[in-house]
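What the coordinates show
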Amino acid sequence: MKAAVYYETGGPDVFRYEDVPDPVCGPGEVLIRVEAVSVEGGDTLNRLGGELSRVPHIVGYQCAGAVLEVGAGADDLAEGDRVVTVGVDGSHAELRVAGRSFCWKVPDGLSTEEAACVPVPFGTADDCLFEFGRLQAGETALIHAGASGVGIAAIQLAKRAGARVVATASSSQRLGRLSALGLDHGIDYTSTDFVEEVRQWTDGRGADVIVDSVGGTNLQKSLHCLAYRGRCVTFGDAGRETPSTLDISTMRANNQTLVGYFLGAELFLGTRAHPMIAGHLADMAAGALQVVIDRRFPLEQTGEAHAYIESRQAFGRVLLVP
Ligand SMILES: NC(=O)c1ccc[n+]([C@@H]2O[C@H](COP(=O)([O-])OP(=O)(O)OC[C@H]3O[C@@H](n4cnc5c(N)ncnc54)[C@H](OP(=O)(O)O)[C@@H]3O)[C@@H](O)[C@H]2O)c1
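Reference entry: report on the structure contained in this document. Remember, it's a predicted structure, so these values are computed and weren't measured experimentally.

1. Digging into the packing of aromatic side chains
Considering all chains together, one arrives at four aromatic pairs under this definition. Measuring from centroid to centroid gives 6.0 Å for Phe 297 and Tyr 308, while their planes differ by 50 degrees, and the two rings are tilted. Highlighted residues: Phe 297 in strand E14 (residues 293-298) and Tyr 308 in helix H10 (residues 302-310), separated in sequence by eleven residues. The pair formed by Phe 297 and Tyr 308 is uniform in burial state, with each residue classed as buried. Positioned above the aromatic ring of Trp 201 is the side chain of Arg 164, whose terminal nitrogen or guanidinium carbon lies 4.1 Å from the ring centre. Note that Arg 177 overlies the ring of Phe 315, its terminal NZ or CZ placed 4.0 Å from the centroid.

2. Looking at the site of the ligand
Neighbouring residues of the ligand: 25 residues in total, closest Gly 149, Ser 170, Tyr 189, Leu 263 and Arg 317. A distance of 3.1 Å separates an oxygen atom of the ligand from a polar atom in the side chain of Arg 174. Between the ligand and the protein, one listed contact pairs an oxygen atom with a side-chain N or O atom of Tyr 189 at 2.5 Å. Every element with two or more residues in the shell around the ligand is listed here: helix H1 (41-49), helix H3 (119-131) and helix H4 (149-160). Considering every element that reaches the shell around the ligand, the biggest residue donor is H1, with three residues. For the shell around the ligand, the per-class residue count stands at eleven nonpolar, nine polar and five charged.

The rules we used
- Residues numbered from 1 in each chain as written.
- Predicted model: local features only at pLDDT ≥ 70, side-chain atom pairs only at ≥ 80, totals over all residues.
- Heavy atoms only, no water.
- Phe/Tyr/Trp six-rings, centres within 6.5 Å; stacked < 30°, edge-to-face > 60°.
- Helix = DSSP H or I, 4+ residues; strand = E, 2+ residues; numbered from the N terminus.
- Buried < 20%, exposed > 50% of the residue type's maximum accessible area, 1.4 Å probe, protein only.
- Lys NZ or Arg CZ within 6 Å of the ring centre and 35° of its normal.
- Near = heavy atom within 4 Å.
- Polar contact = N/O pair within 3.5 Å; in protein donor to acceptor, adjacent residues only side chain to side chain.
- Nonpolar A, V, L, I, M, F, W, Y, C, P; charged D, E, K, R; others polar.

This is the structure:
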């Protein structure tokens, strides 16, 4: 098969478009012909400095396509079924093998491209807001990087749960587009201090739940606008800062919680997250949730796609099409 591979981590120009051996479908696994790859924020970070499981390495968490083969124990799926899959790597390719518990059938009424964008951002957003953030109707949710894949999912889920939703982004233009998805208040953090703005917008109280995908100094500042009994969920390092020590000295007096989150752990170690994500796919097919697809690139142009994302112009998801 053809795949976008790299031999060492680095900038988007590390990608090569090459022939590599086809993946082999084992027991409990499914082989798919990839039709749409959603480039996840973690894919760009892994390409920049992640681990190489083998060389050449095929990066990528999430893609969708048609089933070509099912292994023993995965036979509730059949050849030709449309599925979306998640895995630790291997999405940037013409073929992908995934474990059955990391596959979801694409419901009728939902395109394969849209489905390719659902499990990781929506599963992560749902868990950060509700399972770990314990968000309640009437509370305030601060969602960082609102125009990101996870951000766009979190804004919709928080709004439909009856929360007041505030988000940050790097331009007012990006924030303007988020209003239609349920954003109540946007903060352009390049010109406005989000700590002060969140405090003002909540009459000094702060945000009850903060969904922080940026990390570094952004995470430190998040703790400074967290409400009494507030919950801050850290799940990413999109800001690309070298990890530094976090000052948690203000948390105890305010009965606050800081929690780490990794969707992979929920999918590997339990069964709860799988039906939760199936629910998002069903809601998407019914028009109750939406994904935003910014641009499509052929798989041969994976480097250009990653460079476009890192130029901060993408709003929502960028797809690769093999
Ligand atoms: N723990 C988990 O289970 C889990 C699951 C999903 C994602 N994640 C992590 O969450 C983060 C976001 O993922 P995503 O898929 O939502 O990302 P994405 O769609 O690629 O968006 C990333 C966003 O980060 C913002 N950003 C802030 N500083 C940045 C910088 N220095 N360079 C590039 N972008 C920067 C950008 O928005 P502005 O330009 O508007 O600031 C951009 O829209 C990633 O770190 C990813 O690894 C973790």
